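Structure at a glance
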Amino acid sequence: MSSRENSLFIDGPCGPLEALYLELPEARGLALLCHPNPVKGGTMQNKVVSTLQRTARDAGYSTLRFNYRGVGASAGSHDMGSGEVDDAEAVVRWVRERLPQLPLSLFGFSFGGYVALNLAERLAAQGLAPERMFLVAPAVMRLESETIVSSQGSSLTVIQPEQDEVVNPQLVYDWSASLQRPHELLKVAECGHFFHGRLGELKDLVGSRL
């Protein structure tokens, strides 16, 4: 069984979106991975995103990661908001046409957490709530006040480094405390935003919950 991702392009709202896709035979589910801030150099090749992809793959999930508009070879320009959520929704439509039977899990790192949360709400409104969500150091400061995390059918795990230099950990803790739904908040001590030297621990935290 090959574990090599295939490079492809998916039609997005602003043109083709560059993606890496791995379809496993007899997969347990499908993992969609959303990458960090494109303005700060975030891409689908980010090491945290790559770690999450390998973790999902090793747990028996088909995986799909992609570059938002204006990133890498993806068409368009940065929106830093609903545009990237539109891109993610287009990617979900594409993969759902191919793997309609597989339960969907969303993974978002940093700005990708913002994208994954908003995508989950859109999907829930369509009766397609994801089975699981993993948010790693999510950029909760970007969320609109009216954003509702209501996907009660989804399990939600939030993983937050305690020494995050990009996303204020206390904002994530306060946001977690405000949620009116069951979820798990995991704090990673002595760890920065990009999990330098701690990617193995991140893999263990996520892998044990898949």
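The structure we're discussing is the one just above.
What you are looking at is a predicted structure, and each value in this text was computed from that prediction instead of being measured. (Residues numbered from 1 in each chain as written. Predicted model: local features only at pLDDT ≥ 70, side-chain atom pairs only at ≥ 80, totals over all residues. Heavy atoms only, no water.)

Some remarks on the overall build of the protein chain
Along the protein chain, the regular secondary structure elements total 5 helices and 8 strands. Counting from the amino terminus, the protein chain carries its helices and strands in the arrangement β-β-β-α-β-α-β-α-β-β-α-β-α. On C-alpha atoms alone, the protein chain measures out to a radius of gyration of 16 Å, which is about the 17 Å that the 2.2 N^0.38 rule sets for 210 residues. The dimensions of the protein chain, computed from C-alpha atoms along their principal axes, are 40 × 35 × 35 Å. Here the protein chain, with 210 residues, has 55% of them falling under the buried criterion. For the protein chain, contacts bridging at least 24 residues in sequence account for 72% of all contacts bridging at least 6. (Helix = DSSP H or I, 4+ residues; strand = E, 2+ residues; numbered from the N terminus. Rg over C-alpha atoms; globule rule 2.2 N^0.38 Å. Buried < 20%, exposed > 50% of the residue type's maximum accessible area, 1.4 Å probe, protein only. Contact = heavy atoms within 4.5 Å.)

What to know about the environment of Leu 205
As for its position among the elements, Leu 205 is in helix 5 (residues 199–207). When the C-alpha positions of Leu 205 and Val 188 are compared, they lie 9.9 Å apart, and in sequence the two are 17 residues distant. Beyond its immediate chain neighbours, meaning those up to four positions away, Leu 205 contacts Ile 159, Leu 186 and Val 188.

Some remarks on the pattern of salt bridges
All chains considered together, the criterion is met by 10 salt bridges. Among the salt bridges present, the one from Arg 122 reaches Asp 86, with a minimum N-O distance of 2.7 Å. Separated by 36 residues along the polypeptide, Arg 122 in helix 3 (residues 111–125) and Asp 86 in helix 2 (residues 82–98) bring together distant segments of the chain. Classification of Asp 86 by relative accessible area gives partly exposed; the value is 28%. Residue Glu 184 is joined to Arg 209 by a salt bridge in which the shortest nitrogen-to-oxygen separation is 2.8 Å. On the criterion of sequence distance, the pair formed by Glu 184 in strand 8 (residues 184–188) and Arg 209 in the segment after helix 5 is long-range, its members being 25 residues apart. What makes Glu 184 partly exposed here is its relative accessible area of 31%. Given the relative accessible area of 26%, Arg 209 is considered partly exposed. Members of the salt-bridge network, linked through shared partners, are Arg 57, Asp 58 and Lys 203. (Salt bridge = Lys/Arg side-chain N within 4 Å of Asp/Glu carboxyl O.)

Some details on unusual backbone geometry
Glycine aside, the phi torsion of most residues is negative, and most peptide linkages are trans. In this structure, Met 80 is a non-glycine residue whose phi angle is positive, near 60°. For Met 80, the position within the fold is in the loop between strand 4 (61–66) and helix 2. Backbone geometry places Glu 190, a non-glycine residue, at a positive phi of 50°. Position of Glu 190 among the secondary structure elements: in the loop between strand 8 and helix 5.

Interpretation note: all reported values are geometric properties and have no functional meaning in isolation.
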